[in-house]
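Here are the chains, one letter per residue:
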Amino acid sequence: MPGSAREPLGTIAVVGDGPTGLVAAIALRRALPRCAVTVIPTPADPAALADWTAALTPRSNAFLRQMGIEEGMLAARAGASLRLGTELAGWTSGQSRAVHPFGAAPPPEIAATSVSAALALADRFALPSDDPASPLSDIDYGLRLNPQAYTRALGALAAHLGVTRSPSGFAAATGDTSGGIAGLRLASGEDVTADLFVDCSGPASLVAQGLPSEPHIDWSRILPVDRLLIPPTTGAPKLTALDRITATPLGWRGEVFGRDGTHALFAASIEVGSPEAWVEAAGFAEAAVIPLAPGRRDRLWQANVICLGDAGVRFEPLHWLNAALVHAQVALLIELLPGRDLHPLERNEFNRRAAAMADRARDFVALHYHAPTRPEGAFQDYAAGLALPDTLRLTIDEFTRRGRLPFFEEDVLPRDAWVFAMASLGIAPGPTARSVTLTPAARTALIRGHEARAAAAVQSALPYRDWLAAYLQSAR
Amino acid sequence: MGRRDPVSVVIVGGGTAGWSAAAALARLVPGGADIRLIESADIGIVGVGEATLPHVRQFIQQIGIDEAAFMRATHATFKLGIDFRNFGRIGDSYIHPFGTFGRDLAQVPFHHYWLQRRAAGEEADIGQFSLAVQAARAGRFQLPRETDLSLASSYGYAYQFDAGLFGPYLRDFACQHGVTRTEGRIVSVERDAESGDVASVTLEDGTRFTADLFIDCSGFRSLLLGDALEEPWEDWSHWLPCDRAVAMPTASPAGEIEPYTRATALGAGWAWRIPLQHRVGNGYVYASAFIDDDSAAEGLRGTAEGAALADPRILRFRAGRRRRSWVGNVVAIGLASGFLEPLESTSIYLSHMAILRLVDLFPFGGISPADRAEFNRLVDMEYDRIRDFLILHYHATTRDDSPFWDHVRTMQVPDSLAEKLELWRATGRVARYGEGLFFEPSWVAVYCGQNVVPDRWDARAALPDQPVLARALDRLKQEIAAQVQAMPGHRAFLERETRRLAHAG
């Protein structure tokens, strides 16, 4: 007997009107043009880190394009500019500086500057090339955004696609008898039901609160940061291809150099220092202190509720991976888009893969606290004493012993990003069959070849400022 | 990272696994290993694997073997997939291709749209939407394009070759690249009293060889890992009951050479048919609990086409693997490590996969327990996943014509497979893993080919206007038919490329 296509989802309620909720709503509406997708506002929460992310990784470029969120629109309306990577200052010893670029890593047998890093260090920029012969095929870029303008631009696009925005905000979620959510109560007193609820309300996880209690996986013994300092205003704009993460003895400072202003934050641990000391270490005049409880829900999709962003996974924004993780999980949801009959096995498959993504992002962040020559500082000492997940231990061991990076399912970071992270932290690869058997002449040739490639890329690129001006001109 | 003292390696056994290991280490760890291979002419080669997977191309390319020379030496033909006959039910036939089905639309995999049309009474055969399947059915072949997203790059290929010739070819190649070959039979294995490692092996003539690393490629005897180190065997015969094969070559028929391997289900197992340049390999893989040797040989004679070139020869094996493949300083590769019947031509892949892992983890500066743990983790994962995929071929059937099929149809399958099957039946989705051998198109081919049709599939397949969808599928079929039409026949392609021919002119 032939089966049938499932009845598609008829109604979806997305709770949370920040970028996480809006991106989810846009993606769902595009996938199901006849489905009524409603976004229900929640109070803006500064602790919803995925919503305030001012920087994305290259992986988001293809995702946004696929969702019809065009880069040109973001340049024109969301303050977008392009970045080649991040500078890590003070992560290995007192005055150390290292570049963690995007794109392809140099051949693993040689220690060399990647093409992206060479471009960034020369303060130049070019778009990546599709032609493998071109040195510009080695580079890649991520987007910077102005969070407020980005939210407005996504809101306009969502409205254009027919996503409904509830005029009244969220008030409460009511559970049903089968372990799911029966409906939502809005501030106006109106009730909302839906086939599927997407909780993008930030760490408060307002919808999921209405579910039977779900175990949380605590990462506070793995990731040190549980306090974030956010200054009330952005700093002066700075036109550069690199953003910066600076380690201090009391925590780390992140700076995204947007073309409209510098978005700074300071990440600290309650175990080390005090709010006053953090503000001083951060170099901020004043700042709001926001608590962060690192960890994730055991199941990100439970009954008829899917938790995205900080509603599901909370971790310090080192390398600004929070929004990158949201994009990967939204893409997964679109791939496994359920029908009205939410099937438990499909939920399990989503949960297996979404959890693997989150855990690997956590490992990538945790790696940064295990440099072999860590700088002096109470924060660094505290962080280095935290637990190393088995998966990260295997990664570090294999890399240092045999120069290889074991594969992990659903890694949100490309392999090259791990290579760059290891290099920026001074973790040297162990001997490989190739590196050990390379003759000195072959090694020299490899280095020369790579240096020539990087030099050619720098030659063909424009100064960052000039490139950006031309880019913005064409985006208008 | 300076140059280091080479690691001394002794490889025990000179079949496909042994000489593949020798050749790969010589080429990929040049100067990093002193390699000696000990083989005995008295000990036969099992040589089950004659059909391969596309991975073998990467392997030979990586170690620097010229494809044409290799094909010439092993009398190889091209392979686009496997034709499974009588598996889901008697009379059925489907091809598991080295390629994809159709094109994704709006981020939804093609097979959901196919399921939608099928439910409307159209398009019973998903194979019509695979270029590899259609080219195989038509007996045609062309090298795929590798770099674009067109139909012409929607497939890959492998080889069907004479395994008895592959070993010697690799032997010459490995010896040219510095491997030392020693002829002799190993009569004893000495172990280090303290560590338990293998210290040396001694030949009949008294010669003794020590090494840092021993690679056990001794086949089912598992001379080092099984006999000397007594690593326990994990038995999978309750899921994969076939434990023997009877093999018999026949003369090549006139006409087209099928660019695919045949696997035909019989009463107590299945028969392979592998067309080479100069002959056809045939064999019946069977479960001795359900049929005796003579009847199996009779069954093979009944299905094999063409004049027999030799008497039927019986091989014995069992499905399963050693609990660990790397113990102490012994790495077992190939049959010494484990065995899965060649239903999906995985034997040579399993050897080559293990060899490349060993290259990745090559123990410069000494073996660490972490090397062993990582190697065993990776090898176990490959074995487990392939095992589940093979079990599917037996379990997904309505055949009830023999006790053998009654057994495999009703047996309890591993949980890891049961979950995948249930997800497919309920939603039309394939559990996705990025690592491992068989990806979504392979699972779709076997599920659909063996009539495991999902009850439900992606809701989005019903969204497009159905007449428009039907026309799009028609166009795709026409495109594929036109491409196949433009391909040369398999024999014509081989004859045009004389560099690949064993007996050119």
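Fair warning: this is a prediction, and the values are worked out from it, not measured in the lab.

Reading the values: rules and limits
- Residues numbered from 1 in each chain as written.
- Chains lettered and ligands numbered in written order.
- Predicted model: local features only at pLDDT ≥ 70, side-chain atom pairs only at ≥ 80, totals over all residues.
- Heavy atoms only, no water.
- Contact = heavy atoms within 4.5 Å.
- Buried area = accessible area lost by both parts, 1.4 Å probe.
- Salt bridge = Lys/Arg side-chain N within 4 Å of Asp/Glu carboxyl O.
- Polar contact = N/O pair within 3.5 Å; in protein donor to acceptor, adjacent residues only side chain to side chain.
- Helix = DSSP H or I, 4+ residues; strand = E, 2+ residues; numbered from the N terminus.
- Nonpolar A, V, L, I, M, F, W, Y, C, P; charged D, E, K, R; others polar.
- Pairing = 2+ DSSP bridges.
- Axes fitted to C-alpha atoms, helices over the stretch in contact; angles between N-to-C directions.
- Parallel < 35°, antiparallel > 145°, perpendicular 65-115°, else oblique.
- Left-handed = near helix turned anticlockwise from the far one by under 90°.
- Phe/Tyr/Trp six-rings, centres within 6.5 Å; stacked < 30°, edge-to-face > 60°.
- Buried < 20%, exposed > 50% of the residue type's maximum accessible area, 1.4 Å probe, protein only.
- Expected span 1.5 Å × (residues − 1).
- Right-handed = clockwise from strand over helix to strand, strands pointing away.

Undergrad: Is there a simple way to explain the interface of chain A and chain B in this structure?
TA: At the interface, 44 residues of chain A touch 44 residues of chain B. When chain A packs against chain B, close to 3,800 Å² is buried across both sides, 53% of that on carbon and sulfur atoms. Run the count over chain A and chain B and you get six salt bridges. Here chain A is connected to chain B by 18 residue pairs in polar contact (both at pLDDT 80 or more). For the side of chain A that touches chain B, the secondary structure elements donating two or more residues are β1 (4-5), α8 (322-335), α9 (344-367), α11 (390-402) and α13 (433-437) of chain A. Of the residues that constitute the side of chain A that touches chain B, the class distribution is 18 nonpolar, nine polar and 17 charged. By the bridge criterion, two bridges tie β1 of chain A to strand β23 (residues 456-457) of chain B in an arrangement that is parallel. Paired with Ser4 of chain A across the bridge in β23 of chain B is Arg456 of chain B.

Undergrad: Just to check I follow, could you spell out the packing of helix α9 (residues 347-360) of chain B against helix α10 (residues 369-395) of chain B for this structure?
TA: Geometry of a packed helix pair, given as the angle between the helix axes and the separation of the axes. Residue and element names in this part refer to chain B. At a minimum axis distance of 10 Å, the contact between α9 and α10 shows a crossing angle of 160°. On the basis of the axis angle, α9 is roughly antiparallel to α10. The crossing of α9 and α10 is right-handed. Counted together, Tyr349, Leu350, Met353, Ala354, Arg357 and Leu358 of α9 and Phe375, Leu378, Val379, Glu382, Tyr383 and Ile386 of α10 form the full contact between these two elements.

Undergrad: Hey, could you run me through the packing of aromatic side chains in this one?
TA: Two aromatic rings, taken as a pair, are described by how far apart their centres are and by the angle between their planes. All names here are of chain B. Taken as a whole and judged by the stated rule, the model has 36 aromatic pairs over all chains. With a centroid separation of 6.0 Å and an interplanar angle of 90°, the aromatic rings of Phe87 and Trp405 are classed as edge-to-face. Taken as a pair, Phe87 in the loop between β4 (81-85) and β5 (93-97) and Trp405 in helix α11 (residues 403-410) lie far apart in primary sequence, 318 residues in all. Centre to centre, the rings of Trp270 and Trp272 are 6.3 Å apart; their planes meet at 55°, and the pair counts as tilted. By relative accessible area, Trp270 is classed as buried at 1%. On the accessibility criterion, Trp272 (6% relative accessible area) is buried. Members of the aromatic cluster, each reached through a chain of ring pairs, are Phe70, Phe78, Phe141, Tyr157, Tyr159, Phe161, Phe166 and Phe493.

Undergrad: Help me understand the packing of α10 of chain B against helix α13 (residues 440-449) of chain B in this model?
TA: All names here are of chain B. At their nearest, the axes of α10 and α13 sit 10 Å apart, and the two run at 15° to each other. It follows from the interaxial angle that α10 and α13 lie roughly parallel. Remark: the crossing between α10 and α13 carries left-handed chirality. Here Phe389, Leu392 and His393 of α10 come into contact with α13, specifically with Ser442, Trp443, Val446 and Tyr447. Along the lines of polarity and charge, the residues of the contact of α10 with α13 split into five nonpolar, two polar and no charged.

Undergrad: So what exactly am I meant to see when it comes to unusual backbone geometry here?
TA: Across the chain, the bulk of peptide bonds are trans and the bulk of non-glycine residues have phi less than zero. A positive phi angle, close to 50°, is found at Ala303 of chain A, a residue other than glycine. Positive phi outside glycine occurs at Gln107 of chain B, with the angle close to 65°. With respect to the helices and strands, the residue Gln107 of chain B is situated in the loop between β5 and α4 (110-119).

Undergrad: Please clarify how α10 of chain B should be interpreted in this entry.
TA: Each full turn of the α-helix corresponds to 3.6 residues, which orients residues three or four apart in the same direction. Residues and elements named next belong to chain B. With 27 residues, α10 extends 38 Å between its outermost C-alpha atoms, agreeing within 8% with the 39 Å of an ideal straight helix rising 1.5 Å per residue. With 20 of 27 residues buried, α10 lies mostly within the body of the structure. For α10, the N-terminal cap is Ser368; the gap from its side-chain oxygen to the backbone nitrogen of Ala370 is 3.0 Å.

Undergrad: Hey, could you run me through the environment of Glu335 of chain A in this one?
TA: Residues and elements named next belong to chain A. Position of Glu335 relative to the elements: it lies in helix α8. Between the alpha carbons of Glu335 and Thr164 there is a distance of 23 Å; along the sequence they are 171 residues apart. Within the local environment of Glu335, its side chain forms a polar contact with the side chain of Arg353, the two groups lying 3.1 Å apart.

Undergrad: What exactly am I supposed to notice about the pattern of salt bridges here?
TA: Once their charged atoms are close, side chains differing in charge can pair, the charge on each being opposite to the other. Across all of its chains, the model carries 64 salt bridges over all chains by this definition. Among the ionic pairs, Glu87 of chain A bridges to Arg97 of chain A, the shortest N-O distance being 2.7 Å. On the criterion of sequence distance, the pair formed by Glu87 of chain A in strand β5 (residues 85-89) and Arg97 of chain A in strand β6 (residues 97-101) is long-range, its members being ten residues apart. With relative accessibility at 15%, the residue Glu87 of chain A sits in the buried group. According to the relative accessible area criterion, Arg97 of chain A is exposed, its value standing at 56%. With a shortest N-O distance of 3.3 Å, Glu258 of chain B and Arg273 of chain B are connected by a salt bridge. Residue Glu258 of chain B is located in the loop between β14 (250-251) and β15 (261-266), and its partner Arg273 of chain B is located in strand β16 (residues 269-275); the two are separated by 15 residues in the primary sequence. On the accessibility criterion, Glu258 of chain B (18% relative accessible area) is buried. Relative accessible area serves as the criterion here: at 10%, Arg273 of chain B is assigned to the buried category. Several salt bridges share partner residues, and in doing so they unite Glu398, Arg401, Arg402 and Arg404 of chain A together with Asp371, Glu374 and Arg377 of chain B into one network.

Undergrad: Can you walk me through the side chain of His490 of chain B in this structure?
TA: Relative to the elements of secondary structure, His490 of chain B occurs in helix α15 (residues 490-496). Contacts of His490 of chain B, omitting those with residues within four sequence positions, involve Thr77, Phe78, Gly139, Arg140, Phe141, Glu256, Ile257, Glu258 and Pro259 of chain B.

Undergrad: How should I be thinking about the sheet that holds strand β7 (residues 180-183) of chain B in this particular structure?
TA: Backbone-to-backbone hydrogen bonds pair the strands of a sheet. The strands run either parallel or antiparallel. Residue and element names in this part refer to chain B. The strand order β7-β2-β1-β11-β21-β20 describes an open sheet built from six strands, whose pairing is mixed. Strand pairing shows two members of the sheet lacking a second neighbour, β7 and β20 (326-327), which therefore form its edges. In terms of strand pairing, strand β1 (residues 7-12) meets strand β2 (residues 33-39) through six bridges, oriented parallel. Its bridge partner lying in β2, Val7 is registered against Ala33.

Undergrad: What should I look at first to understand the sheet that holds strand β14 (residues 216-218) of chain A in this one?
TA: Residues and elements named next belong to chain A. Pairing is antiparallel in the open sheet, where three strands are placed in the order β14-β20-β23. Edge positions in the open sheet fall to β14 and β23 (313-314), since each of these has one partner strand only. Relative to strand β20 (residues 295-297), β14 is paired through three bridges, and the arrangement is antiparallel. Bridged to Ile217 within β20 is Arg296.

Undergrad: So what exactly am I meant to see when it comes to the pairing of β1 of chain B here?
TA: For a regular strand, the rule is simple: side chains alternate between the two faces of the sheet. All names here are of chain B. Burial analysis of β1 places five of its six residues in the buried class, the great majority of the element. Since β1 and β2 lie parallel, the crossover through helix α1 (residues 16-28) that links them has a hand, and here it is right-handed. Relative to strand β11 (residues 213-216), β1 is paired through four bridges, and the arrangement is parallel. Bridged to Ile11 within β11 is Ile215.

Nothing here speaks to function; it is geometry throughout.
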